[in-house]
Amino acid sequence: MRSRRLGKTDQIVSEVGFGAWAIGGSWGQTDDDESLAAMHAAVDAGITLFDTADVYGDGRSERLIARLLRERDEDIFVATKFGRRAPLDVAQYTYDNLRGWLERSRENLGVDTVDLVQLHCPPWETYYTPAVFDACDRLVDDGLVRAYGVSVSKVEEALKAIEYPNVATVQIIFNIFRQRPAELFFEQARMRDVGVIARVPLASGLLTGKFSRDSSFSSDDHRSFNRNGEQFDVGETFAGVDFERGVEVVEELKGLVPEGATLAQLALRWILGFEAVSTVIPGAKSPEQARANAAAAALPPLEDETLRTIGGLYRERIAPQVHHRW
Ligand SMILES: NC(=O)c1ccc[n+]([C@@H]2O[C@H](COP(=O)([O-])OP(=O)(O)OC[C@H]3O[C@@H](n4cnc5c(N)ncnc54)[C@H](OP(=O)(O)O)[C@@H]3O)[C@@H](O)[C@H]2O)c1
């Protein structure tokens with residue numbers, strides 16, 4: 001497993017990490033033993049960064065990571081998030097509230113100092129409220145967390161967030177179906193030494209190629225209940241791409257998969273081709289998925305012709321649905 005520096009946190013982390021939203025069990029079926037086995041398999045494969053949030057399963061994801069930390073000696077970097085335990089309103093982002101949520105994450109994770117906390121897709125006014133970032137600075141000074149960052153919905157939010165000098169990381173959706181961050185944001189992040197965490201890299205599984213037009217999802221899976229943005233930003237489900245269109249384009253991507261690899265691995269390797277990305281965090285629920293995702297780091301860089309075809313498919317078939325939105 002190759003490693004990269006996570007911006008100004010100055011920490012070295014695996015370039016493929018582990019997204020721990022699904023194992024929180026807030027949507028879909030999960031089994032804690034299987035989830036823990038998936039995380040152990042990830043660590044065995046060299047993964048050292050785990051991304052979670054206080055609201056994933058109301059702390060269940062964090063508590064599973066605490067078990068992993070107890071059971072492994074490896075240096076594991078945990079990034080959590082806060083801000084979603086209250087209604088989405090910037091008035092809620094006071095020092096006292098943020099501190100209370102962070103205290104809870106420390107307890108869930110079983111650590112004195114959290115490695116990284118990210119404002120969890122906060123309301124847009126947050127980016128224009130320096131007091132929120134001052135409060136985060138205080139939490140670092142208090143010794144409760146080593147560094148903080150922001151998980152954003154839109155490129156514009158990312159560009160605004162990194163104007164605050166102590167924002168160490170930005171988490172953003174970046175994948176073959178969501179290419180806009182590479183246009184302007186990545187260069188700005190590099191200039192300011194901001195770590196980039198690429199989330200939803202498989203477009204909620206669409207980019208694994210395992211779905212067809214007829215695939216269905218259980219009613220408690222966000223790929224069913226949020227398919228049209230009914231519960232939260234539609235951009236978080238299938239990266240905001242219409243499912244049928246996504247499946248059509250995936251059929252064309254399948255022809256580009258290098259021998260011995262899978263489409264999911266091609267999708268992850270495509271992301272790792274961008275130097276500004278510090279780590280990519282596919283969500284895995286089983287040891288097999290975790291191992292397969294980690295193995296993407298070992299693939300050679302994609303060929304120029306493959307990159308050109310991916311660029312063309314995005315521009316013609318996908319960009320009209322997403323490029324102007326996020
Ligand atoms: N607002 C935020 O800050 C925010 C929002 C969303 C996500 N995130 C973070 O980003 C992480 C990743 O996002 P995500 O989990 O939504 O989407 P994702 O990584 O794009 O896709 C995850 C889905 O892909 C499938 N999958 C994963 N590895 C696979 C493999 N090797 N082979 C076949 N299928 C595979 C699984 O589908 P099945 O379940 O069908 O097996 C899994 O549920 C989250 O876990 C979380 O840490 C953050």
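Cut-off values and rules
Residues numbered from 1 in each chain as written. Predicted model: local features only at pLDDT ≥ 70, side-chain atom pairs only at ≥ 80, totals over all residues. Heavy atoms only, no water. Core = buried A, V, L, I, M, F, W, Y, C linked by side-chain atoms within 4.5 Å. Buried < 20%, exposed > 50% of the residue type's maximum accessible area, 1.4 Å probe, protein only. Helix = DSSP H or I, 4+ residues; strand = E, 2+ residues; numbered from the N terminus. Contact = heavy atoms within 4.5 Å. Near = heavy atom within 4 Å. Polar contact = N/O pair within 3.5 Å; in protein donor to acceptor, adjacent residues only side chain to side chain. Areas by Shrake-Rupley, 256 points an atom, 1.4 Å probe, with all protein chains shown as cover. Nonpolar A, V, L, I, M, F, W, Y, C, P; charged D, E, K, R; others polar. Pairing = 2+ DSSP bridges. Right-handed = clockwise from strand over helix to strand, strands pointing away. Expected span 1.5 Å × (residues − 1).

## Looking at the nonpolar core
Core analysis: the biggest nonpolar cluster contains 98 residues, and Phe18, Phe50, Leu98, Phe177, Phe185 and Leu253 have the highest contact counts within it. For this core, the element with the highest residue contribution is helix α9 (residues 263-272), accounting for eight residues. Not counting residues within four places of it along the chain, the set of residues in contact with Phe177 comprises Ala203, Leu206, Leu207, Val241, Gly246, Val249, Val250, Leu253, Tyr314, Ile318 and Val322. Counting ten residues, the second largest nonpolar core, distinct from the first, contains Phe77, Leu116, Ala147 and Ile197.

## As for the site of the ligand
Around the ligand sit 29 residues, and of these Asp51, Ser151, Leu202, Gly283 and Gln289 come closest. Arg223 is positioned such that a nitrogen or oxygen atom in its side chain is 3.0 Å from an oxygen atom of the ligand. Interatomic distance of 2.9 Å between a side-chain N/O atom of Gln289 and an oxygen atom of the ligand. Its free accessible area being 900 Å², the ligand has 91% of it covered by the protein chains. Looking at the shell around the ligand element by element, the count peaks at three residues for helix α10 (residues 287-295). Tallied by class, the residues present in the shell around the ligand amount to twelve nonpolar, ten polar and seven charged.

## Quick word on the pairing of strand β6 (residues 114-120)
Where burial is concerned, most of β6 is hidden: seven out of the seven residues are buried. Bridge count for strand β5 (residues 77-82) against β6 is four bridges, and the pairing is parallel. When the bridges of β6 are listed, Ala79 appears paired with Leu116. Once the chain exits β5 it traverses helix α3 (residues 95-109) before rejoining the sheet at β6, and the crossover so formed is right-handed. Taken together, the six bridges between β6 and strand β7 (residues 145-151) define a ladder with parallel strand orientation. Among the inter-strand pairings, Val117 is bridged to a residue of β7, identified as Tyr148. Crossover β6 to β7 through helix α4 (residues 130-141) is right-handed.

## Regarding helix α1 (residues 32-44)
A rise of 1.5 Å per residue sets the reference length of α1, with its 13 residues, at 18 Å; its end C-alpha atoms lie 18 Å apart and thus fit the reference within 8%. What α1 keeps buried is the set Ser35, Leu36, Ala38, Met39, His40, Ala41, Ala42 and Val43. N-capping of α1 is provided by Asp31, with a side-chain oxygen placed 3.2 Å from the backbone N of Asp33.

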